[in-house]
Amino acid sequence: MTTPERPFAHVDESPEDVRRSMLAYLDAAAAHPEIQRVRADALEALAPATGQHLLDAGCGAGEVARLLRRLVGPAGAVTALDFSKEYVAAARSRHDGDPVDYVVGDVTALDFPDGHFDGVRSERVLQHLDDPDAAIRELARVTRPGGNVCVIDTDWASLLFDGVDQAVVDELVTTLAATHLWRNAKMGRSLRGRMVRAGLRDVDTLPVTLRFTDADSAGSVLPLVNRRFAGPLAAMLPERLVTAFHDTVDAAVARGEFLAAFTMWITVGRPAAG
């Protein structure tokens, strides 16, 4: 089995070692303080309340869905959906006692009635989709009028480094873009406009810049910074370029100059009454 062109969009089609690597990446990123900071801001935007029925679309290993389940209380309900059977199985295996409905599904064609949920969230999903606008329309469709649709995504075009060889970074970014790893590297910044065009009301957006001055810490969220990472990203790049990048990162660390940063966007809107 070969690794698909966009492995994060086609997890179940990837070799077993790549699937394990991607799940390990999700776990490491979820535990990182910078991702937790983004999620805390997104949680405030979603504003879950006791008794609500919520959807986490693109749930990964399900840690956010389980948190939401605790927040909505016994009278509430949470559905955790992912396109990957592998991720849904992993999420289900980590069930902690709070009832969550784990399902396999397509965020661009949700199998739920109109207005079924009080609120929905989707994190780092739309950047991988061929038709992200269809996903936004579906998230809005299954949310009751006045409920919150909260979408979180990355602006990879904002990725920057300091203290490292800029020529190597430029070649790395250009090469990664050519791999089509992300269907849309600028998804985060485009969310507001997409949600407005989908007819959502009261659309608001918040940029959150993640910053890293420690390369080991950065490696949990930016896997290529981690020299030990042997996942799908490294397989898409020339070994010469990967080595050159790691060498310049190591040199920046040795001088105490390493810096990496990028921006994620949290955007929330409300479906209007029909």
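Residues numbered from 1 in each chain as written. Predicted model: local features only at pLDDT ≥ 70, side-chain atom pairs only at ≥ 80, totals over all residues. Heavy atoms only, no water.

Enquirer: Quick rundown of the environment of M187? Include the residues and the values.
Expert: With respect to the helices and strands, M187 occurs in helix 7 (residues 187–197). Spatially, the C-alpha atoms of M187 and L54 are 23 Å apart, while their sequence positions differ by 133 residues. (Helix = DSSP H or I, 4+ residues; strand = E, 2+ residues; numbered from the N terminus.)

Enquirer: Just give me the short version of the pairing of strand 7 (residues 259–270), but keep the residues and values in it.
Expert: Residues in a regular strand point their side chains to alternate faces of the sheet. Counting buried residues in strand 7 gives 9 out of 12 residues, a clear majority hidden from the surface. With 10 bridges connecting them, strand 5 (residues 143–162) and strand 7 associate as antiparallel partners. Paired with D153 across the bridge in strand 7 is W265. Pairing geometry for strand 6 (residues 201–212) and strand 7, over 10 bridges, is antiparallel. Counted as the bridge partner of R201 is R270 from strand 7. (Buried < 20%, exposed > 50% of the residue type's maximum accessible area, 1.4 Å probe, protein only. Pairing = 2+ DSSP bridges.)

Enquirer: Would you mind going over the packing of helix 5 (residues 132–141) against helix 7 in detail, with residue names and values included?
Expert: Their axes nearest at 11 Å, the elements helix 5 and helix 7 cross at an angle of 55°. Taken together, the axis directions place helix 5 and helix 7 in an arrangement best described as oblique. Read as a crossing pair, helix 5 and helix 7 show a hand that is right-handed. Taken together, the residues of helix 7 that come into contact with helix 5 (itself represented by P132, D133 and I136) are M187, R194 and M195. Looking at the contact of helix 5 with helix 7 residue by residue, the classes come out as 4 nonpolar, no polar and 2 charged. (Axes fitted to C-alpha atoms, helices over the stretch in contact; angles between N-to-C directions. Parallel < 35°, antiparallel > 145°, perpendicular 65-115°, else oblique. Left-handed = near helix turned anticlockwise from the far one by under 90°. Contact = heavy atoms within 4.5 Å. Nonpolar A, V, L, I, M, F, W, Y, C, P; charged D, E, K, R; others polar.)

Enquirer: For the confidence of the model for the chain, give the residues involved together with the corresponding values.
Expert: Residues of the chain with pLDDT of at least 70 account for 91%, and the chain-wide mean is 90. Considering only residues more than four positions removed or in separate chains, one finds that residues 1–5, a stretch of pLDDT under 50, has 16 contacts. (pLDDT = per-residue confidence, 0-100.)

Enquirer: Could you give an account of helix 1 (residues 16–31), naming the residues involved and the relevant values?
Expert: Turn by turn, an α-helix covers 3.6 residues, leaving residues three or four places apart pointing in a common direction. When the terminal C-alpha atoms of helix 1 are compared, their 23 Å separation across 16 residues agrees well with the 22 Å that a helix rising 1.5 Å per residue should span. Along helix 1, the residues classified as buried are V18, R19, S21, M22, L23, Y25, L26, A29 and A30. (Expected span 1.5 Å × (residues − 1).)

Enquirer: Please give an account of the sheet that holds strand 7 that cites residues and values.
Expert: Strands pair in a sheet through their backbones, by hydrogen bonds, and they do so in one of two ways: parallel or antiparallel. Spatially, the 7 strands line up as an open sheet ordered 3-2-1-4-5-7-6, and their pairing is mixed. With one partner strand each, in any of the chains shown, strand 3 (101–104) and strand 6 form the two edges of the open sheet. Taking the axes of each pair of neighbouring strands and ignoring which way they run, one obtains an average angle of 15° across the sheet. In this sheet, strand 2 (residues 77–82) lies alongside strand 1 (residues 53–57) in parallel orientation, the contact comprising 5 bridges. The residue bridging L54 from the neighbouring strand is V78, located in strand 2. Contacting strand 1, strand 4 (117–123) and strand 5, helix 5 crosses the sheet at an angle of about 150° to strand 5. Packing against the sheet, helix 7 makes contact with strand 5, strand 6 and strand 7, and its axis sits at approximately 155° to strand 5.

Enquirer: A description of helix 6 (residues 166–178) should follow, citing residues and the corresponding values.
Expert: Over its 13 residues, helix 6 extends 18 Å from the first C-alpha to the last, a length consistent with the 18 Å expected when each residue adds 1.5 Å. Regarding helix 6, the residues found buried are V168, V169, L172 and L176. For helix 6, the buried positions fall inside an angular range of 100° around the axis, keeping them on one side. What points out from helix 6, more than 90 degrees from its buried face, is the exposed set A167, T174 and A178. Buried residues along helix 6 sit in contact with strand 5 and helix 10 (239–255). Measuring from the side-chain oxygen of the N-cap residue of helix 6 to the backbone nitrogen of A167 gives 2.9 Å; that N-cap residue is D165. (Arc of directions from axis to C-beta. Polar contact = N/O pair within 3.5 Å; in protein donor to acceptor, adjacent residues only side chain to side chain.)

Enquirer: Account for the packing of aromatic side chains, naming residues and giving values.
Expert: Taken as a whole and assessed by the stated rule, the structure comprises 5 aromatic pairs. With 6.3 Å between their ring centres and 25° between their planes, F212 and F262 make a pair best called stacked. Within this pair, whereas F212 is found in strand 6, its partner F262 is found in strand 7, the two being separated by 50 residues in sequence. Each member of the pair F212 and F262 is classed as buried. (Phe/Tyr/Trp six-rings, centres within 6.5 Å; stacked < 30°, edge-to-face > 60°.)

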